[in-house]
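# Report on the structure
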Amino acid sequence: MKMAKEREKAVAAGGEKKVFLGVVWNCAAELKLLLTALLILCSVATVLQFLPSRFTISTSDLRFCISRITTTTTTTISTAAALSSLNSSSSSAAAHAASRLVVNPPPPLPASPPAVDRDRVLENGVIKRVFNPYGSAAYNFITMGTYRGGLNTFAINGLASKPLHLYSKPTYRCEWVPEPSPPSNSSKPITTVGYKMLPDWGYGRVYTTVIVNCTFSEPINAGNSGGKLYLLASTSGGGDTKFDATDRIQVLEEPKGSVDFEAFDPNSKPKYDYLYCGSSLYGNLSPQRVREWIAYHVRLFGERSHFVIHDAGGVYDEVFEVLKPWMELGYVTLQDIRDQERFDGYYHNQFMVVNDCLHRYKFMAKWMFFFDVDEFIYVPPKSTIKTALDSLSEYSQFTIEQMPMNSKLCLTADYGRYYRKWGMEKLVYKDVKRGVRRDRKYAIQPRNVYATGVHMSQNLVGKTNHRTNGKVKYYHYHGSIAQRREPCKTLLNVSETYFEKTPYVLDTTMRDVAWAVKKFELKMIGNRLQNTRQ
């Protein structure tokens, strides 16, 4: 009896073991995978003990491996659950679920690399070396703008590779493709040779400014039916004599009826008498100096004047607030040209910028001025800007003499209140050193000019006058525009002095007109700029 009970207990124990093993063995697939992963991890830990000491695995490495295993396990569990759900559902539900599955297409195969030439030994025993070019060092042409110069002529303004133009002879062709028009609906292209001009006097860097003039033998788009202008820019073997690479670039599109041909009538009156084309503004400019400059010149040039400002990073919020009132009155146009910084040209590509201004506004102004925002144009009291320029009307261009002003010397009489005075009002000492060649600025009649520079134009039709001292000059406050602190460093009470080995004399010309400029500003825009800081 006792033996029978022991046998029953043994049978029962054996049955429990079998049930436990059965449960474990028949467990879900994810449990098997987890156990396998733990076994592999323990095996790896055991093997690591026998590796040399210089071979190490950081804690972060182990954490990364474990996270990958956990992620794989989770994915497998989710997949198994999804499959189980599909198997238990009806056939229609399974088909609906399958239709919702998104199968990503395989990634495209990478393009095969170009054939590469390799060195080889010639029959005569000479080793033939090869050179394989890759990439591109500079763009062939970068356009900023294309403008009509008349009924049959256009100007394309942009940048091109300086080494290409310096050491090679790239060529340009212009192609006009008219829009099809009845009855023939033909669009036969018209081509001409492009004449290039390099107006930056060799100052370019990676890129140089290029103006391409396209003059056709017949009027273009005479019926105002529209068309497109293309520039064919050829390297002519420059950069690689094996190739004559040509880029066909659409530089202009004239929609049907968009051209105002009356604007090109030589007898038509332009919109403005005087238009200012500014160079690239950059750096930490003084809002107060810009405030003085724009108020002074709007007063000088009058109602029929306009100012085009080019922001290369210098027109930040405080400077913009100074220009905004004059923009609202229609005196100022602000252009954001910061993207030109991508292309390494001279001085923020100012040659390209001023040429774009020339051709963009060529038929909108009688006279066009080129100078900087730390320079003030001045005409004598007994004349006006109109009388001065009317006396120079026979010239296509005239240059303006510089009056260099010191940006540190001020009068003792202004002590204690010079911070309230304008820069043109308190900087009163003029450099009179002799034998120094000083830069000149200039003005042009734009309809006679094909390309321009920073200090004068060399591509024009007509005469240039360099002797305008008694009619117009400009005061230059060099360094003051980029100075945000009080400029007065030394106070003097003399009419003549030597400072830093340079002779100076007292010149209150601009100081004397400052009050009138302040009054003019108040009349035009009110007191909204009274709290402008240096």
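A quick note: this is a predicted structure, and the numbers were derived from the prediction, not measured. (Residues numbered from 1 in each chain as written. Predicted model: local features only at pLDDT ≥ 70, side-chain atom pairs only at ≥ 80, totals over all residues. Heavy atoms only, no water.)

This paragraph deals with the nonpolar core. Counting residues in each nonpolar core, the largest one holds 56 residues, and the members touching the most others are Trp 293, Trp 326, Phe 369, Phe 398 and Met 424. Per-element accounting of this core gives the leading share, eight residues, to helix H6 (residues 287–301). When neighbours within four sequence positions are excluded, Trp 326 is seen to be in contact with Ile 294, Ala 295, Val 298, Tyr 331, Val 332, Phe 520, Glu 521, Met 524 and Ile 525. Counting residues in each nonpolar core, the second largest holds 17 residues, with Phe 141, Phe 154, Cys 174 and Leu 231 among its members. (Core = buried A, V, L, I, M, F, W, Y, C linked by side-chain atoms within 4.5 Å. Buried < 20%, exposed > 50% of the residue type's maximum accessible area, 1.4 Å probe, protein only. Helix = DSSP H or I, 4+ residues; strand = E, 2+ residues; numbered from the N terminus. Contact = heavy atoms within 4.5 Å.)

With that out of the way, let us pick up the packing of H6 against helix H11 (residues 509–525). Closest axis-to-axis distance for the H6/H11 pair is 9 Å, and the angle between their directions is 85 degrees. On the basis of the axis angle, H6 is roughly perpendicular to H11. Facing H6, whose interface residues are Arg 291, Ala 295, Tyr 296, Val 298 and Arg 299, H11 presents Met 510, Val 513, Ala 516, Val 517, Phe 520 and Glu 521. Along the lines of polarity and charge, the residues of the contact of H6 with H11 split into eight nonpolar, no polar and three charged. (Axes fitted to C-alpha atoms, helices over the stretch in contact; angles between N-to-C directions. Parallel < 35°, antiparallel > 145°, perpendicular 65-115°, else oblique. Nonpolar A, V, L, I, M, F, W, Y, C, P; charged D, E, K, R; others polar.)

With a phi angle near 55 degrees, Ser 236 is a residue other than glycine that sits in the positive phi range. Relative to the assigned elements, Ser 236 resides in the loop between strand S8 (227–234) and strand S9 (246–254). The backbone of Glu 500 shows a phi angle near 55 degrees, a positive value even though the residue is not glycine. Locating Glu 500 in the fold gives a position in the loop between strand S24 (496–499) and strand S25 (502–506).

Among the secondary structure elements, Gln 335 is positioned in strand S12 (residues 332–336). Here Tyr 361 takes part through its side chain, which lies 3.5 Å from a polar atom of the side chain of Gln 335. Not counting the four nearest positions on each side in its chain, Gln 335 is found in contact with Val 308, Ile 309, His 310, Asp 311, Asp 356, Arg 360 and Tyr 361. (Polar contact = N/O pair within 3.5 Å; in protein donor to acceptor, adjacent residues only side chain to side chain.)

All right, on to H11 then. Here H11 is 17 residues long and its end C-alpha atoms lie 25 Å apart, about the 24 Å a rise of 1.5 Å per residue gives. At Trp 515, H11 is deflected by roughly 30 degrees, the largest bend along its length. Within H11 the residues assigned to the buried category are Thr 509, Met 510, Ala 514, Val 517, Phe 520, Glu 521 and Ile 525. If you follow the buried residues of H11, they end up packed against H6, helix H7 (317–328), strand S14 (375–378), helix H10 (423–426) and strand S22 (473–476). Downstream of H11 by one or two residues, Gly 526 has phi in the positive range, about 75 degrees. (Expected span 1.5 Å × (residues − 1). Bend = angle between axes of the 7 residues up to and from the residue.)

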